[in-house]
Amino acid sequence: MNRALLRSKAIVKNYTSKHVSEHVPQEIFFCPEESLFYSQCLERMVLNTCEDCNSIVEFGAGDGSPVINSLLKSQFNGLIQGYELNSKSCEVAQFWIDRYKLSHKYVVHNSCFFQRDWQSAGNYLISNPPYLPAINHDLYMPALHGGIDGASITKQLMGMDCQSAMLMISAYSDPVGTIEYAIAQGYQVEDFMTSPMTFGYYSSEPKVRQRITDLHKYGKAFYSENIYVLAGVLFKKHSSKPDLSAELIKIMMAL
Ligand SMILES: C[S@@+](CC[C@H](N)C(=O)[O-])C[C@H]1O[C@@H](n2cnc3c(N)ncnc32)[C@H](O)[C@@H]1O
C-alpha cells in the first residue's frame, strides 16, 4: 500500500491523526476538520433526509473520504457520481470504495467536472468546492483556487441549474455575494449548518491571507484573528419550506 493509501486509511478511521498529516503528499487535499464537517453536512442534510436525490453529482471528490464516511452512516440507496481532477486522490477513493463495497453507490471519475457527460448529469449537486481567494492560481495547491474573491467556482456550480445543491461556503470568500447570486439563480436556503474553522495550511498561505485581508476591507470577508465560519448550505429551487437566507447571511457576517 503506498503512502497516499496509508494516509487515507488514517483519514477514514480517524480524521484527527496528526502524525500522519506530516507525511501528506501536497497533491491530495488534506484538511481533516473541513472534510469531516462536509461529511457531517452530507449525512444530516442530504443522505439521511432527501427524497429527490437518487442521482447525485459531486464536484471535487478529493480522496472520497467525506462521501464514503457519510454513506457508511446512512441508508442512502441511490448513486453518487464524483468527479476529481487529481489522479492520486481518485486512486485512494477507489481503494476505499472497493474496501467498503460501495461501488454501487459511489463512483469517482478522474476528470474535470465541467467536462463531464451532461446526459448522465444528476439534478442534485454536492460539493466542498475550491474557495481560496487569490489574485492567481499560483498557490500551494492550484486546484483550490476559487478566483479573486474565492466564490467563482461556487457561482459557476450554481449556474448549472440543478434543483438542489449542498455546497460548502466560507465566510472569507464573499458569502453575501454568493448567497445573493444563488437567490438570483432561483434558489432559496432550505437548511444550513455552520462550524468554526481555524486557518489551516492552505488558507494561511501568505498570498491567500493577503487577499482575505483585502476582501475584508471591501466587506467581502468575515473572520476573527483565530477562526472563520464555514457553512454547509442546502440550496433548493421551488422549495415549500421557509427561506433561511437572511438568517444565514447574518451568521456569516457575525465575525
Ligand atoms: C476543497 S477540496 C475538497 C475535497 C473533498 N471533497 C473533501 O472535502 O475532502 C476541492 C477538490 O476539488 C478538486 N477540483 C478542483 N477543480 C476541479 C474540477 N474542475 N473538476 C473536478 N475536481 C476538481 C480539487 O482537486 C480538490 O480535490
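Residues numbered from 1 in each chain as written. Predicted model: local features only at pLDDT ≥ 70, side-chain atom pairs only at ≥ 80, totals over all residues.

**Comments concerning the overall build of the protein chain**
The number of helices and strands found in the protein chain is nine helices and seven strands. Taking all 255 residues of the protein chain together, the buried fraction comes to 45%. (Helix = DSSP H or I, 4+ residues; strand = E, 2+ residues; numbered from the N terminus. Buried ≥ 20, exposed ≤ 12 C-beta atoms within 10 Å, placed from the backbone.)

**As for the nonpolar core**
Met166 and Val233 are the most contacted members of the largest nonpolar core, which totals 70 residues. Not counting residues up to four positions away in its chain, the partners in contact with Met166 are Cys41, Leu42, Met45, Val46, Ile126, Gly232 and Leu234. (Core = buried A, V, L, I, M, F, W, Y, C linked by C-beta atoms within 7 Å. Contact = placed C-beta atoms within 7 Å.)

**Some details on the sheet that holds strand E3 (residues 106-109)**
The strand order E3-E2-E1-E4-E5-E7-E6 describes an open sheet built from seven strands, whose pairing is mixed. Of all strands in the sheet, those with a lone pairing partner are E3 and strand E6 (187-198), marking the two edges. Each neighbouring strand pair of the sheet contributes to a mean axis angle of 20 degrees, computed without reference to strand direction. Pairing of strand E4 (residues 124-127) with strand E5 (residues 164-170) involves four bridges; the strand directions are parallel. Directly across from Ile126, in E5, lies its bridge partner Met166. In this fold helix H4 (residues 65-72) packs onto strand E1 (55-59), strand E2 (79-83) and E3, with an angle of close to 175 degrees to the strand it touches most, E3. (Pairing = 2+ DSSP bridges. Axes fitted to C-alpha atoms, helices over the stretch in contact; angles between N-to-C directions.)

**Re unusual backbone geometry**
Even without being a glycine, Asp161 presents a positive backbone phi close to 70 degrees. With respect to the helices and strands, Asp161 occurs in the loop between helix H6 (152-158) and E5.

**Comments concerning the environment of Leu157**
Tracing the backbone shows Leu157 in helix H6. Spatially, the C-alpha atoms of Leu157 and Leu125 are 8.4 Å apart, while their sequence positions differ by 32 residues. With near-sequence residues (within four places) excluded, Leu157 lies in contact with Phe59, Leu125, Ser127, Pro129, Ala165 and Leu167.

**Some details on the packing of helix H7 (residues 175-184) against helix H9 (residues 245-252)**
Remark: H7 packs on H9, axes separated minimally by 10 Å, with the N-to-C direction vectors making an angle of 165 degrees. As the angle between them shows, H7 and H9 are arranged roughly antiparallel. Seen along the crossing, H7 lies across H9 with a hand that is right-handed. Contacts between H7 and H9 pair Pro175, Val176, Ile179 and Ile183 from the former with Ser245, Leu248, Ile249 and Met252 from the latter. A per-class count over the contact of H7 with H9 returns seven nonpolar, one polar and no charged. (Parallel < 35°, antiparallel > 145°, perpendicular 65-115°, else oblique. Left-handed = near helix turned anticlockwise from the far one by under 90°. Nonpolar A, V, L, I, M, F, W, Y, C, P; charged D, E, K, R; others polar.)

**A short note on H4**
Buried residues dominate H4, accounting for seven of its eight residues. Residues of H4 that are buried include every one of Ser65, Pro66, Val67, Ile68, Asn69, Ser70 and Leu71, and no others.

**Description of the packing of helix H3 (residues 32-47) against H4**
In contact at an axis separation of 8 Å, H3 and H4 are set at 45 degrees when each is read in the N-to-C sense. Relative to H4, the element H3 lies oblique. Seen along the crossing, H3 lies across H4 with a hand that is right-handed. Facing H3, whose interface residues are Ser35, Tyr38, Ser39, Leu42, Glu43 and Leu47, H4 presents Ser65, Pro66, Val67, Asn69, Ser70 and Leu71.

**What about H9?**
The set of residues buried in H9 consists of Ser245, Leu248 and Met252. Buried residues in H9, looked at end-on, bunch into an arc of 60 degrees, giving them a common side. The exposed set on the far side of H9, more than 90 degrees from its buried face, consists of Ala246, Glu247 and Lys250. (Arc of directions from axis to C-beta.)

Geometric descriptors of this kind do not, in isolation, establish any biological role.
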